[in-house]
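# Close look at the chain arrangement
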Amino acid sequence: ALSMFGTTVGLYGIPWCKKSLLLTALMSVIGASMGILDTGGNVLALNTWGAEAGPHMQALHFSFAVGAFVAPILAKMALGGSESKDLAGAEKTNQSVPRSVPTTSAASAASALKHHLGADFLWSYVVIGTYLLSVSFFFFILYSKGSSARDKSKASLQKCTFAKYHYALLILLFIFFLCYVGAEVTYGSYIFTYAKVFAEMKENEAAALNSVFWGTFAACRGVAIFCAACLYPGTMILLSIIGSAVSSSCLAFFARHPASLWAGTAVYGASMATIFPSGISWIEQYTVVQGKSASLFVIGAALGEMCIPAVVGYLQGRFHHVPVVMYTALVTSAMTMVLFPLMYKLANCPGESNLKEMSESEDRKALLSNSGLNEDEE
């Protein structure tokens, strides 16, 4: 609730910013609030549904994918028409003004365009902020209706079992999510440019290829909601990393062929869809996932989202004739294929805490049977 409210405050304030420092502060508030939401949403789903959180976790991340896919389309529909009209007006203004004063005409046209687009963006920020504010109030109401004392007593009765290599698993999953999210964001960010430069596609074809990636990504996350009810998270991760490895190999070596590029992009987007929610559901089966653990996963994902696209952009600028984007997808897929079997091996090692808990339970039952009391009376 607090993270949604913080995002609302930032969205309401951004359209009225006249200073870059204030705009930076509000954008930082939104970034921090979204980071809290990513962490808290995953932990809340695990705490609410426990071992049955698989479908709900997939539904949570499906909503992210739908928003990422639909929002740019709606923004283009809302702003495309007005932007083209203003640009046409600017061109007419430039043609009607003498050549001796091109700077003044360009400045006035840019000012008119900025004013018109500013009004549209103002309403978009207000509408989205109002929607988030209503959702924030809804969460505040849910919190006020709950009993914290009952939740604490219920949580104290739950068995807290940690895997034998608990911290090693957290670090490996941190690296796993760093590679996965970095590869996802990198491919989604650069596939449009790659299609135009390397595959020599037209602009509308490159845009359609980008939509294919995010469309299959969102669609497979929706399908995963139902698949999570009948498949184990580990099985879904295994299928996903195999699909990403095969598709990234096809993209790295045969991406200059249009058919291979289209098919590989679709399969790669579908394969990347379920890894993050399935990974959180999978680790929860073997060890306790608390707020700190979930925040570590989100930090790893955020670092991958920030660093890997930057490195790829730098390398692509240095080596113009090398498809760095496709090689990055292949390398990160290979990393996930190495990391997951290692994590699975560590997770299935018998933990000392589990053995100790079982022995204490057996001793308690033996004492109760000798004293003639049951657990309730004791």
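As the structure is a prediction and not an experimental result, all values here were calculated from the model.

Conventions we followed
Residues numbered from 1 in each chain as written. Predicted model: local features only at pLDDT ≥ 70, side-chain atom pairs only at ≥ 80, totals over all residues. Heavy atoms only, no water. Helix = DSSP H or I, 4+ residues; strand = E, 2+ residues; numbered from the N terminus. Buried < 20%, exposed > 50% of the residue type's maximum accessible area, 1.4 Å probe, protein only. Contact = heavy atoms within 4.5 Å. Areas by Shrake-Rupley, 256 points an atom, 1.4 Å probe, with all protein chains shown as cover. Polar contact = N/O pair within 3.5 Å; in protein donor to acceptor, adjacent residues only side chain to side chain. Expected span 1.5 Å × (residues − 1). UniProt positions renumbered as here; feature names shortened; annotations may be inferred. Core = buried A, V, L, I, M, F, W, Y, C linked by side-chain atoms within 4.5 Å. Domains from an automatic or database assignment. Axes fitted to C-alpha atoms, helices over the stretch in contact; angles between N-to-C directions. Parallel < 35°, antiparallel > 145°, perpendicular 65-115°, else oblique. Left-handed = near helix turned anticlockwise from the far one by under 90°. Phe/Tyr/Trp six-rings, centres within 6.5 Å; stacked < 30°, edge-to-face > 60°.

## Side note on the overall build of the protein
- Each helix and strand counted, the protein has 13 helices and zero strands in total.
- Taken from the N to the C terminus, the helices and strands of the protein come in the order α-α-α-α-α-α-α-α-α-α-α-α-α.
- Buried positions account for 35% of the 378 residues belonging to the protein.
- Taking the intrachain contacts of the protein between residues at least 6 apart in sequence as the baseline, contacts between residues at least 24 apart amount to 80%.
- Just so you have it, the protein exposes about 21900 Å², and 68% of that area is on carbon and sulfur atoms.

## Regarding the side chain of Thr 332
- Residue placement: Thr 332 occurs in helix H12 (residues 324–347).
- Engagement of the side chain of Thr 332 in a polar contact is seen with the backbone oxygen of Ala 329, the distance being 3.0 Å.
- Aside from chain neighbours lying at most four places away, what touches Thr 332 is Cys 179, Ala 183 and Tyr 268.

## Things to note about helix H7 (residues 203–227)
- The first and last C-alpha atoms of H7 sit 36 Å apart over 25 residues, in line with the 36 Å expected at 1.5 Å per residue.
- Looking at H7, one finds that the buried residues are Ala 206, Leu 209, Phe 213, Phe 217, Ala 218, Arg 221, Gly 222 and Ala 224.

## Some details on the environment of Gly 129
- Tracing the backbone through its elements, the reader meets Gly 129 in helix H4 (residues 102–145).
- According to the relative accessible area criterion, Gly 129 is buried, its value standing at 0%.
- When the C-alpha positions of Gly 129 and Leu 11 are compared, they lie 5.6 Å apart, and in sequence the two are 118 residues distant.

## Some details on the UniProt feature "transmembrane region" (unreviewed entry) in the protein
- In this structure's numbering, the residues bearing the UniProt feature "transmembrane region" (unreviewed entry) are residues 20–47, 59–79, 122–144, 165–192, 237–255, 261–282, 294–312 and 324–344.
- Note that residues 294–312 is 100% helix and 0% strand, and that its end C-alpha atoms are spaced 27 Å apart.
- This span, residues 324–344, is 100% helix and 0% strand, and a straight line between its end C-alpha atoms measures 30 Å.

## A short note on the environment of Ile 191
- Mapped onto the elements, Ile 191 comes out in helix H6 (residues 166–197).
- Look at Ile 191 and you get buried, because its relative accessible area is 0%.
- Taking the C-alpha atoms as reference, Ile 191 lies 7.7 Å from Ala 206; in sequence the two are 15 residues apart.

## A closer look at the nonpolar core
- By size, the foremost hydrophobic cluster in this structure holds 56 residues, and its most contacted members are Phe 176, Tyr 187, Leu 261 and Met 326.
- Among the elements that take part in this core, H6 stands out by supplying 14 residues, more than any other.
- Each of domain 1 (1–67 + 116–143) and domain 2 (162–350) contributes no fewer than three residues to this core.
- When residues no more than four places from it in sequence are discounted, the contact partners of Phe 176 are Ile 237, Ile 241, Ile 275, Thr 336, Leu 339, Phe 340 and Met 343.
- Counting seven residues, the second-largest nonpolar core is a separate cluster that includes Leu 11, Leu 26, Ile 30 and Leu 132.

## Examining the packing of H7 against helix H9 (residues 258–272)
- Contact pair H7 / H9: the axes reach a minimum separation of 7 Å and the direction vectors enclose 30°. Here H9 runs roughly parallel to H7, going by the angle between their axes. For the pair H7 and H9, the crossing hand works out as right-handed. Along the contact surface, H7 presents Glu 205, Ala 208, Leu 209, Val 212, Phe 213, Thr 216, Phe 217 and Cys 220, while H9 presents Leu 261, Trp 262, Thr 265, Ala 266, Tyr 268, Gly 269, Ala 270 and Met 272.

## Here we look at the packing of aromatic side chains
- For the structure shown, the criterion picks out 13 aromatic pairs.
- Considering the side-chain rings of Tyr 187 and Phe 213, the 5.1 Å spacing of their centres and the 50° angle between planes classify their relative orientation as tilted. Taken together, the positions of Tyr 187 in helix H6 and Phe 213 in helix H7 put the pair 26 residues apart, joining distant regions of the chain.
- Note on Trp 282 and Phe 340: the rings are 5.4 Å apart at their centroids and 55° apart in plane angle, and the pair reads as tilted. Here Trp 282 is found in helix H10 (residues 275–284), whereas its partner Phe 340 is found in helix H12, with 58 residues between them in sequence.
- For Trp 282, a relative accessible area of 1% corresponds to the buried category.
- With a relative accessible area of 6%, Phe 340 lands in the buried category.

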